[in-house]
Amino acid sequence: RVVYAFEDKQWKVSKQFDIENNKIKAQFRIINKIQSSSLEDLNFVLLKFDHNKIEDKTSRNAMLDEVSILEGKKVFRKGVANKFGPKDNRVEKGSAGWFGFRDHFHAIVVKPEFETKQYENEVVSENVLSMNVKPKQAEESYNFTLIAGNQDIQWFKGYGQEFYKIVVFSNWWILDWPAKAVYYTVPFLHSICKSWGFSIILVSLLIYGITYPLTKQSMSAMKKMQLVQPKVAALQKRYKDDPAKLNSEMIDLYRREGVNPFGGCLPFLLQMPVFIALYQALWRSYYFQGKSFLWIKDLSQPDRLMSLPFSIPFLGSDLNILPIMMGIVMFIQQMITSKNMVVTDETQAMQQKMMKYIFPFFIGFIFYKFASGLSLYFTVFYALSAWAQWKVSKSK
């Protein structure tokens, strides 16, 4: 227990904190010896987020900072909470369940144990946001409950009060549900194989197996489209001055050949929510912190095989192998794809060349400073995709 006290001719104030592991019970006692009515406009600052105090302000992880308020059964969230403007000022009448903040891996929740008449997000400056509440009635004592720890959903559930709602991977259920499925599956696999890195590989194999029918359908549809490209080009040349006739002839061609022009895109679009969810789940999962695998010292950080004696612009001086491997795997996949493509014009040839060379480089660059656990998952996944592409290319 920690107690702070102050007293003069007008005020008697005490702050008492009872600390038990990750839970703090706070009690504020405020007594006005002269005129108690002056407490009617009392305002408590529950949380103040000061981005000026963060050491690495350029970190991509700062994009994960978020402030939130439980309003009834729903949670109001302000994401990318590292810069604030006038539009972030928010004043609401009534009472809220709790107020929270979370970063990459950790979260803190504060619950006022009294009824409030108003709560707000107050922008103090571009980098500072204050979360305040005003009590509905002036009292001598005000109690608060504070919980802080890793973003462990089950752990927060143990404290009740719907504290667990601070942990989400997306505001859209179609993304949050598969992300939470991965969030729970990885520790389960770890309990069996006892390796966090190998658990990520197993999840990659599992997800690829689940989505393989869609992947195969997409690749087969794209292959069929490529086989009819010479006929499509011939029709475009023959009916270039008659768009209506061209459209009719192409529909007939696709029907005869059994080709769905959207067959290659639709399965991919159906998989997109899963990929986005996986990205969020693996990026935010706290249990990768400090966990090693092969040469990787920390799966929550870039793999950092070695430090270079020089610095590369935008990339730094660390040599991260996994993003490079991912780029190579994607290049191989693009090479396999391009061998099965029928190029009918210069524009298509240029697009194919860009996909072959620029896209793998772009992916490697984007992932270069991401967590190695995330890069490990997608490297394995793209390697499986390249194998599937090769298999489809060999089929008749």
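Check the entry above for the structure.
(A) Molecular detail of the pattern of salt bridges. Counted by the stated rule, this structure contains eleven salt bridges. Across the pair E66 and R102 runs a salt bridge, and its minimum N-O distance is 2.9 Å. You can see E66 sitting in strand β5 (residues 66-71) and its partner R102 sitting in strand β8 (residues 99-102), a full 36 residues away along the chain. The pair formed by E66 and R102 is uniform in burial state, with each residue classed as buried. With a shortest N-O distance of 3.5 Å, D88 and K78 are connected by a salt bridge. Of this pair, D88 sits in the loop between β6 (74-79) and β7 (90-93) while K78 sits in strand β6; the two residues are ten residues apart in sequence, bridging distant segments of the chain. Judged by relative accessible area, which is 14%, D88 ranks as buried. Overall, K78 belongs to the buried group, its relative accessible area being 18%. Salt bridges sharing partners connect three or more residues here, namely E66, R77 and R102.

(B) Layout of the sheet that holds β8. Taken together, the eight strands give an open sheet; going across it, the order is β1-β2-β3-β12-β9-β8-β5-β6, and neighbouring strands pair in antiparallel fashion. The outermost strands of the open sheet, each flanked by one partner alone, are β1 (2-7) and β6. Adjacent strand axes in the sheet meet at a mean angle of 15°, parallel and antiparallel pairs treated alike. In this sheet, strand β2 (residues 11-20) lies alongside β1 in antiparallel orientation, the contact comprising six bridges. In the strand pairing of β2, A5 is matched with S14.

(C) Representation of the packing of helix α4 (residues 229-238) against helix α5 (residues 243-257). Axis separation between α4 and α5 bottoms out at 10 Å; the angle between their running directions is 160°. By the angle between their axes, α4 is roughly antiparallel relative to α5. As α4 runs across α5, the sense of the crossing is right-handed. Side by side, α4 and α5 meet where K231, V232, L235 and Q236 of the first sit next to L246, E249, M250, L253, Y254 and E257 of the second. Across the contact of α4 with α5, the residue classes tally to six nonpolar, one polar and three charged.

(D) Expanded view of the sheet that holds strand β11 (residues 128-135). Strands sit in the order β4-β11-β10-β7 across an open sheet of four strands; the sheet is antiparallel. The sheet is open, and its two edges are formed by β4 (44-50) and β7, each paired on a single side. Taking each pair of neighbouring strands and ignoring which way they run, the sheet shows an average axis angle of 10°. Of the pairings in the sheet, the one linking β4 to β11 comprises six bridges and is antiparallel in character. Among the inter-strand pairings, K48 is bridged to a residue of β11, identified as S130.

(E) Molecular detail of the nonpolar core. If you look at the biggest cluster of nonpolar residues, it comprises 55 residues, and the most contacted ones within it are F288 and Y377. When contributions to this core are tallied by element, the ones reaching two or more residues are β9 (106-112), α1 (153-157), α2 (173-193), α3 (196-227), α6 (266-284), α7 (321-339), α8 (346-367) and α9 (372-394). Sort the elements by how many residues they give to this core and α9 lands first, with ten residues. With residues near it in sequence (within four places) discarded, Y377 still touches I200, V203, S204, I207, L278 and L282. The next biggest cluster of nonpolar side chains, apart from the first, holds 24 residues, and it includes A26, L46, A96 and L129.

(F) Expanded view of the packing of aromatic side chains. Counted according to the given criterion, the structure contains 32 aromatic pairs. Consider the rings of W196 and F288, whose centres lie 6.0 Å apart with planes at 90°: the pair is edge-to-face. Taken together, the positions of W196 in helix α3 and F288 in the loop between α6 and β13 (306-312) put the pair 92 residues apart, joining distant regions of the chain. Judged by its relative accessible area of 1%, F288 falls in the buried class. Counting every residue linked through ring pairs, the aromatic cluster contains Y208, Y212, Y279, W283, F367, F370, Y377, F378, F381 and Y382.

(G) Broad picture of the pairing of strand β12 (residues 141-150). The pairing of strand β3 (residues 23-32) with β12 spans seven bridges and is antiparallel. Residue pairing for β12: I24 is matched across the bridge by L146. Direction of pairing for β9 relative to β12: antiparallel, over a ladder of seven bridges. Among the inter-strand pairings, A107 is bridged to a residue of β12, identified as G149.

Conventions adopted
For every chain, the first residue of the written sequence is number 1, and numbering continues from 1 onward in sequence order. Per-residue local features are limited, in this predicted model, to residues with pLDDT of at least 70; the limit for side-chain atom pairs, both in listing and counting, is 80 or more; totals at the level of whole chains, interfaces and linings are taken over all residues. By convention in this description, side-chain values take in all heavy atoms of the structure and omit both hydrogens and water. Only one rule defines a salt bridge in this text: a Lys or Arg side-chain nitrogen within 4 Å of an Asp or Glu carboxyl oxygen. A run of DSSP states H or I qualifies as a helix once it reaches four residues; a run of E qualifies as a strand once it reaches two. Both are numbered from the N-terminal end. Any residue under 20% of the maximum accessible area for its type is buried, any over 50% is exposed, and the rest in between are partly exposed; the area is computed with a 1.4 Å probe on protein chains only. Should DSSP find at least two bridges between two strands, the strands are taken to pair. Working convention: axes come from line fits to C-alpha atoms, limited for helices to the stretch in contact. Angles between N-to-C directions cover 0 to 180 degrees. Just so you know how the angles are binned, under 35 degrees is roughly parallel, over 145 roughly antiparallel, 65 to 115 roughly perpendicular, and the rest oblique. Left-handed describes a crossing whose near helix is turned anticlockwise from the far helix through less than a right angle; right-handed describes the clockwise counterpart. In what follows, a contact means two residues having at least one pair of non-hydrogen atoms within 4.5 Å. Think of it as three bins: nonpolar holds Ala, Val, Leu, Ile, Met, Phe, Trp, Tyr, Cys and Pro, charged holds Asp, Glu, Lys and Arg, and polar takes everything else, Gly as well. Here, nonpolar core refers to any group of buried Ala, Val, Leu, Ile, Met, Phe, Trp, Tyr and Cys residues whose side-chain atoms link them within 4.5 Å. Under the pairing criterion, centres of Phe, Tyr and Trp rings, with the six-membered ring standing for Trp, must be within 6.5 Å; the plane angle then separates stacked pairs below 30 degrees from edge-to-face pairs above 60, leaving the rest tilted.

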